[in-house]
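# Structure at a glance
If you want the building blocks of each chain, they are given just below.
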Amino acid sequence: MQPAADTNPSRHSLEIRGISKAYGRFPALKNVSLQARDKEFLALLGPSGSGKTTLLRVLAGLETPDEGEVRFDDEDFLALPVRRRRVGMVFQHYALFRHMTVAQNIAFGLNVRPRAERPAKSEIADRVQHLLSLVQLEGLDKRFPAQLSGGQRQRVALARALAIEPRMLLLDEPFGALDAQVRRDLRRWLRELHDRAGVTTVFVTHDQEEALDLADRVAILKDGELVQLGAPNELYEAPANPFVYDFLGAACRLPGVVEDGRLRVADWETAAPKDAPQGPVEVFFRPDEVAFAPIDGAGLAAEVRGAAARGPKVRIDCIIEGRTMELEAHSRDAPPGVAPGLAVRIKPLRPRVYAAEG
Ligand code: ADP
Ligand code: MG
């Protein structure tokens, strides 16, 4: 079920309305509307080429949309010159100035202000120290970017983005170039930083785990269109369509039929989910959300092709309705004597049902 639309404008800080943008004849964004609340952490999630960077560039003022409107704190954001938007940006490839120290990099956005708006030297120095401690890089102010690790460079880039006291923080796959462990560490750290800095954040990623882990809400984009917007749990519990289901995790799928409140898949029948469409459907389930039953029980008839223990879990490869599926069970829930050739029944515990296409 879709969550009720969030229509209370007073709680919105960022309102993106009907944004379209084409490069030549190629539509990169098609009528995208979404909102972020004040100080919310919003993730834009989608495969490569879905328009995430284009949307971020529109917000930053680096790209002009063909249609649509952006309001921020009830101002016409697109009418503001870039400098007045006060957005902080961090890209995937750290764009630190190599010939500047960490401190000079962080101070850059303040030092380039016209004199009348530039804080005093001592104030800038204080702010740099404060930001260094915020990103946990105290003592590294005199280093050059080449003397830092990739993770440290991205933290400097974040400090630099925060130095201008942005009203909005725009992050475009900021951890994309880092290895998996550093990414995970920085993820937690970034969320804490966001909470402490108290700034509306739009974070672009193609990594669903990163988005679901970090964000208050996630906007899923596909081919330049918004497909679904919701809290991580809402998305996971109720993916709006097969694309979202697939994108959020491993999926098994089988054709079925819904009739009179019953769902039939091959020779298995169960109560249809409440919101299920009538008629021919595609049935989706997660490979680790299944129960195993003896072959004379109820469920989808399956033949085990292989089983491999992975710590406390067992991966069980099965053939169901002619399709190979890689299922996963806790070892205590695996069928007794699981081995190639064993005939079992599989009961999807939380099937999701979508109208069959075509
Ligand atoms: P994402 O960040 O989700 O990978 P982008 O916003 O970068 O996607 O790009 C969306 C689509 O627009 C892609 O198909 C891309 O090739 C195209 N595109 C992006 N920038 C340009 C450009 N400057 N000129 C032409 N096409 C572009
Ligand atoms: Mg991109």
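If you're wondering where the values come from, they're calculated on a predicted model, not measured in any experiment. (Residues numbered from 1 in each chain as written. Chains lettered and ligands numbered in written order. Predicted model: local features only at pLDDT ≥ 70, side-chain atom pairs only at ≥ 80, totals over all residues. Heavy atoms only, no water.)

## Some words on the packing of helix 3 (residues 102–111) against helix 4 (residues 121–134)
Quick reminder of the rule: With axes taken as lines fitted to C-alpha atoms, and helix axes fitted only over the stretch in contact, angles between N-to-C directions fall between 0 and 180 degrees. Helix and strand definitions here come from DSSP, where helices need a minimum of 4 consecutive H or I residues and strands a minimum of 2 consecutive E residues; each element is numbered from the N-terminal end. Any angle from 65 to 115 degrees is called roughly perpendicular, while one under 35 is roughly parallel, one over 145 is roughly antiparallel, and all others are oblique. Handedness of a crossing follows from how the near helix is turned relative to the far one, being left-handed for an anticlockwise turn of less than a right angle and right-handed for a clockwise one. Note on definitions: a residue-residue contact is assigned when non-hydrogen atoms from the two residues lie within 4.5 Å. Residues were grouped as follows: Ala, Val, Leu, Ile, Met, Phe, Trp, Tyr, Cys and Pro as nonpolar; Asp, Glu, Lys and Arg as charged; and all remaining residues, including Gly, as polar.
Interhelical geometry of helix 3 versus helix 4 gives an angle of 125° and a closest axis separation of 10 Å. Taken together, the axes of helix 3 and helix 4 lie oblique to each other. Between helix 3 and helix 4 the crossing geometry is right-handed. For the pair helix 3 and helix 4, the contacting residues are Val102, Ala103, Ile106, Ala107, Leu110 and Asn111 in the first and Ile124, Arg127, Val128, Leu131 and Leu132 in the second. Tallied by class, residues from the contact of helix 3 with helix 4 come to nine nonpolar, one polar and one charged.

## Brief notes about the pattern of salt bridges
Side chains that differ in sign of charge can pair as their charged atoms come close. For the record, the criterion: Salt bridge, as used here: a side-chain nitrogen of Lys or Arg that lies within 4 Å of a carboxyl oxygen of Asp or Glu. A simple rule labels every residue: compare its accessible area, found with a 1.4 Å probe on the protein chains alone, to the largest value its type can have, and call it buried under 20%, exposed over 50%, or partly exposed in between.
Under the counting rule described, the total for this entry stands at 32 salt bridges. A salt bridge links Glu15 to Arg17, with the shortest nitrogen-to-oxygen separation between them at 3.5 Å. Here Arg17 falls in the partly exposed class, since its relative accessible area comes to 36%. Arg37 is paired through a salt bridge with Glu40; the nearest N and O atoms lie 3.9 Å apart.

## Remarks on the domain arrangement of the protein chain
Worth spelling out the cut-off: Residue ranges assigned to each domain were obtained from an automatic or database domain assignment. When two components associate, each loses some accessible surface as probed by a 1.4 Å sphere; the sum of these losses over both components is called the buried area.
By the assigned domains, the protein chain splits into domain 1 (9–242) and domain 2 (250–355). Computed over C-alpha atoms only, the centres of domain 1 and domain 2 are separated by 41 Å. Each partner contributes to the interface: domain 1 provides seven residues, whereas domain 2 provides six residues. The three residues of domain 1 that bury the most area against domain 2 are Tyr236, Pro239 and Pro242, which together make up 71% of that side's buried surface.

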